[in-house]
Amino acid sequence: MMPKSKLNLIAKEIVMDRLACAYYKLEDSEYDYLSEDEKDAIVERIHKLGTAMAKRIGENYYTL
């Protein structure tokens, strides 16, 4: 089995990859009821949450 540190690194990569493109979820039809201003506000919150979460696990937040 891989060392715990390697497993942790892979887990972080997966989490950061999902965070990097989380805002694309707003393009799904289930969010059509939101206005552009609301979507912009949600993107801002995703950015703030992503930054905080990345900092917590010792990574840098990025978007795709």
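Structure first, text after, so check above.
Residues numbered from 1 in each chain as written. Predicted model: local features only at pLDDT ≥ 70, side-chain atom pairs only at ≥ 80, totals over all residues. Heavy atoms only, no water.

Asks: So what exactly am I meant to see when it comes to the pattern of salt bridges here?
Replies: Side chains that differ in sign of charge can pair as their charged atoms come close. With the rule as written, the count across this model stands at 3 salt bridges. Between aspartate 17 and arginine 18 there is a salt bridge; the shortest N-O distance is 3.2 Å. Residue classification places aspartate 17 among the partly exposed positions, given a relative accessible area of 32%. We classify arginine 18 as exposed; its relative accessible area is 53%. The network of salt bridges with common partners includes Lys25, Asp28 and Glu30. (Salt bridge = Lys/Arg side-chain N within 4 Å of Asp/Glu carboxyl O. Buried < 20%, exposed > 50% of the residue type's maximum accessible area, 1.4 Å probe, protein only.)

Asks: What am I meant to see in the environment of tyrosine 23 here?
Replies: Relative to the helices and strands, tyrosine 23 resides in the loop between α1 (4-20) and α2 (36-56). Separated by 16 residues in sequence, tyrosine 23 and lysine 39 have C-alpha atoms that sit 9.0 Å apart. For tyrosine 23, the residues in contact, after removing those within four places along its chain, are Val43, Ile46, Thr63 and Leu64. (Helix = DSSP H or I, 4+ residues; strand = E, 2+ residues; numbered from the N terminus. Contact = heavy atoms within 4.5 Å.)

Asks: Would you take a moment to explain α1 for this structure?
Replies: For an α-helix, the turn length of 3.6 residues means that residues three or four places apart are oriented alike. The end-to-end C-alpha separation of α1 is 24 Å, in line with the 24 Å expected for 17 residues at 1.5 Å each. Looking at α1, one finds that the buried residues are Met16, Leu19 and Ala20. Taken around the axis of α1, the buried residues stretch over an arc of 90 degrees, which confines them to a single face. Among the exposed residues of α1, those oriented more than 90 degrees off its buried face are Lys4, Ile14 and Arg18. (Expected span 1.5 Å × (residues − 1). Arc of directions from axis to C-beta.)

These figures come from the coordinates and say nothing about function on their own.
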